[in-house]
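Fold and contact review
So the chains spell out like this:
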Amino acid sequence: MERIHTGITGLDEMIGGGYPKGRTILIIGTTGSGKTIVGLSFIHKACMEGRKSLIIASEELPGDIIAQSGSVGMDLEGFYKSGLLAIDKVYEERTVFARELLSYGKTDTDKLQSNIVGLLERIPPDVESVLIDNIGVFTLNMSANEFRAQIDSLVAGLTKRNITTILIIDLSADNRTENIASYSVYGVLRPSIKDNPFTGARERLLEVLKIRNTKISLSPIRFEITSKGIEFLNK
Ligand SMILES: Nc1ncnc2c1ncn2[C@@H]1O[C@H](COP(=O)(O)OP(=O)(O)O)[C@@H](O)[C@H]1O
Ligand SMILES: [Mg+2]
């Protein structure tokens, strides 16, 4: 199986050479655990390698995404300007639509919040790498069954198109949907922040929970987020 670089030094070797091409990897974690930066590392690397890429961001504006990337040593601006990287405006649409509904006195925003499989249509034909950050916002009014059906269709559609995808879900949405997203995807990574019981210090950990068809190490890797991106500490 062909592998695609993760953009994180040390991670490729841990997972058999990189993310499996044309498959979907899920990242689960709490706020601030590093999900977005793991995803951006993949997109930045893909752009460096000349692959057409798309970020579907439900919580941030394009300018903020580019600024965040720049602050961790990944310059996306040139790729965005040249069109190699597109950033979908789903965030703006959600907020504008919600404002319109409210101005008509409607508070039922279910419809706009729950179309996960519809994201497929937003991906231009020649895109090879996609980051979807964060699928959790679409799950607020969804049963676990409905979510399972939608996420299965999304992942199947992405795989059919041979698009390598990083799909992000925040931990509370994952718990709310009974942790079923993990079953649909090819692999799962979990960044977290934990207390080190020996030093008392807070530290960042990255766990590889599963990657089908791949031998993985189950020990969490300590990492830091620096001006150069995600850096693994001594194992
Ligand atoms: N330039 C930077 N230097 C060091 N740490 C940073 C930098 N930019 C962001 N961070 C750290 O990354 C964290 C956010 O990571 P992010 O991937 O956005 O988390 P998540 O998407 O899981 O909420 C911030 O809380 C901050 O601690
Ligand atoms: Mg994030």
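My aim in this report is to walk through the structure given alongside it, one point at a time. (Residues numbered from 1 in each chain as written. Chains lettered and ligands numbered in written order. Predicted model: local features only at pLDDT ≥ 70, side-chain atom pairs only at ≥ 80, totals over all residues. Heavy atoms only, no water.)

1. Digging into the overall build of the protein chain
Of regular secondary structure, the protein chain possesses nine helices and eleven strands. Here the protein chain has a C-alpha radius of gyration of 17 Å; the compact-globule value for 235 residues is 18 Å, and the two agree. Oriented by its inertia axes, the alpha-carbon framework of the protein chain measures out at about 55 × 40 × 35 Å. Looking at the protein chain residue by residue over its 235 residues, the buried ones come to 51%. Across the protein chain, the fraction of contacts at a sequence separation of at least 24, relative to all contacts at a separation of at least 6, is 69%. Separation between the mean location of the 28 positive side-chain charges and that of the 29 negative ones in the protein chain comes to 4 Å. (Helix = DSSP H or I, 4+ residues; strand = E, 2+ residues; numbered from the N terminus. Rg over C-alpha atoms; globule rule 2.2 N^0.38 Å. Buried < 20%, exposed > 50% of the residue type's maximum accessible area, 1.4 Å probe, protein only. Contact = heavy atoms within 4.5 Å. Lys, Arg positive; Asp, Glu negative; His and termini not counted. Charge placed at Lys NZ, Arg CZ, Asp CG, Glu CD.)

2. Observations concerning the nonpolar core
Membership of the largest hydrophobic core comes to 36 residues, with the highest contact counts inside it found for Leu 11, Tyr 19, Ile 55, Leu 85, Ile 166, Leu 189 and Phe 232. With six residues, helix α2 (residues 35-48) is the largest single contributor of residues to this core. Not counting residues up to four positions away in its chain, the partners in contact with Ile 166 are Tyr 19, Ile 25, Ile 27, Gly 39, Phe 42, Val 130, Leu 131 and Ile 132. One finds Ile 28, Ile 56, Ile 151 and Leu 167 within the second-largest nonpolar core, a separate group that totals 30 residues. (Core = buried A, V, L, I, M, F, W, Y, C linked by side-chain atoms within 4.5 Å.)

3. Focus: the pattern of salt bridges
A pair can form between side chains of opposite charge whenever their charged atoms are brought close. By the definition in use, this model includes nine salt bridges. Residue Lys 52 is joined to Asp 126 by a salt bridge in which the shortest nitrogen-to-oxygen separation is 3.6 Å. Of this pair, Lys 52 sits in the loop between α2 and β4 (53-57) while Asp 126 sits in the loop between α6 (110-113) and β6 (129-133), and the two are 74 residues apart along the sequence. Look at Lys 52 and you get partly exposed, because its relative accessible area is 26%. For Glu 77, the salt bridge goes to Lys 81, with nearest N and O atoms at 3.5 Å. With Glu 77 and Lys 81 both in helix α4 (residues 77-82) and four residues apart, the pair spans about one turn of that helix. (Salt bridge = Lys/Arg side-chain N within 4 Å of Asp/Glu carboxyl O.)

4. Digging into the environment of Asn 115
Looking at where Asn 115 falls in the secondary structure, it is placed in the loop between α6 and β6. Among the residues examined, Asn 115 registers a relative accessible area of 42% and is labelled partly exposed. Sequence-wise, Asn 115 and Thr 139 are 24 residues apart; in three dimensions their C-alpha atoms are separated by 9.0 Å. Excluding anything up to four places from it in sequence, Asn 115 contacts Phe 138 and Gln 150. A distance of 2.9 Å separates a polar atom in the side chain of Asn 115 from the backbone nitrogen of Gly 118. (Polar contact = N/O pair within 3.5 Å; in protein donor to acceptor, adjacent residues only side chain to side chain.)

5. Looking at the site of ligand 1
By nearness alone, 13 residues border ligand 1, and Gly 32, Lys 35, Thr 36, Ile 37 and Arg 204 come closest of all. Take Thr 30: an N or O atom from its main chain is 3.5 Å from an oxygen atom of ligand 1. Note that an oxygen atom of ligand 1 is positioned 2.9 Å from one of the backbone N or O atoms of Ile 37. If ligand 1 stood free it would expose 580 Å²; the protein chains cover 67% of that surface. When residues of the shell around ligand 1 are traced back to their parent elements, those giving at least two are α2 and α3 (62-71). At three residues, the largest contribution of residues to the shell around ligand 1 is made by α2. (Near = heavy atom within 4 Å. Areas by Shrake-Rupley, 256 points an atom, 1.4 Å probe, with all protein chains shown as cover.)

6. Digging into the side chain of Ser 53
With respect to the helices, strands and loops of the structure, Ser 53 is situated in strand β4. Judged by its relative accessible area of 1%, Ser 53 falls in the buried class. Setting aside anything within four residues of it in sequence, one finds Ser 53 in contact with Ile 43, Ala 46, Cys 47, Leu 84, Leu 85, Ala 86, Val 127 and Ser 129.

7. Some words on the pairing of strand β9 (residues 202-211)
Across nine bridges, the pairing between strand β8 (residues 187-195) and β9 is antiparallel. Each residue of the ladder has a partner; that of Val 188, found in β9, is Lys 210. What sits between β8 and β9 in their antiparallel hairpin is a turn of six residues, with Gly 200 showing a positive phi close to 80°. (Pairing = 2+ DSSP bridges.)

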